[in-house]
Amino acid sequence: MKYPPLENKLRDYRFEQLQTRYMLRYWLYGVIALISVMALLVALLRDRALPAAFLVLAAAGFALISAAAGYLGRKHALRALRRELP
């Protein structure tokens, strides 16, 4: 292409697509893992732990998953964009 502003817009658009795809993928994997761990903890510690502790752990897990998914999504989107573009 001969028009640099359009090239930059297209590159930014493609990066956002890739980032969203990777971020959602890692977020879903993390949520599945978190639900599995929380179910295991509930099964093991049902009689000995407070229900509020499970809510706090779940909230902390979701925050951690969201941060990690954002970081990994951006990292893998940059890598994929570098492979696609010359």
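Just above, that's the structure.
Note that the structure is predicted; figures quoted are calculated from it, not measured.

*Asks:* Any chance you could explain the side chain of histidine 76 here in plain terms?
*Replies:* Looking at where histidine 76 falls in the secondary structure, it is placed in helix α2 (residues 51-84). For histidine 76, a relative accessible area of 19% gives the class buried. Engagement of the side chain of histidine 76 in a polar contact is seen with the side chain of tyrosine 26, the distance being 3.2 Å. With sequence-adjacent residues up to four places away left out, histidine 76 is seen in contact with Tyr22 and Tyr26.

*Asks:* Help me out: how do you make sense of helix α1 (residues 4-45) in this one?
*Replies:* It helps to recall that an α-helix has 3.6 residues per turn; residues three or four apart then point in one direction. Given a rise of 1.5 Å per residue, 42 residues ought to cover 62 Å, and the 60 Å separating the end C-alpha atoms of α1 matches this to within 8%. Among all positions in α1, only Phe15, Leu18, Tyr22, Gly30, Val31, Leu34 and Met38 are buried. If you follow the buried residues of α1, they end up packed against α2.

*Asks:* Whenever I open this one, the pattern of salt bridges confuses me. Can you help?
*Replies:* Side-chain pairing between opposite charges can occur once the charged atoms of the two side chains come close. This structure, assessed with the given rule, holds one salt bridge. Arginine 14 is the salt-bridge partner of glutamate 84, the closest N and O atoms lying 2.8 Å from each other. Remark: arginine 14 occurs in helix α1 and glutamate 84 occurs in helix α2; sequence separation between them is 70 residues. Classification of arginine 14 as partly exposed rests on a relative accessible area of 27%.

The rules we used
Residues numbered from 1 in each chain as written. Predicted model: local features only at pLDDT ≥ 70, side-chain atom pairs only at ≥ 80, totals over all residues. Heavy atoms only, no water. Helix = DSSP H or I, 4+ residues; strand = E, 2+ residues; numbered from the N terminus. Buried < 20%, exposed > 50% of the residue type's maximum accessible area, 1.4 Å probe, protein only. Polar contact = N/O pair within 3.5 Å; in protein donor to acceptor, adjacent residues only side chain to side chain. Contact = heavy atoms within 4.5 Å. Expected span 1.5 Å × (residues − 1). Salt bridge = Lys/Arg side-chain N within 4 Å of Asp/Glu carboxyl O.

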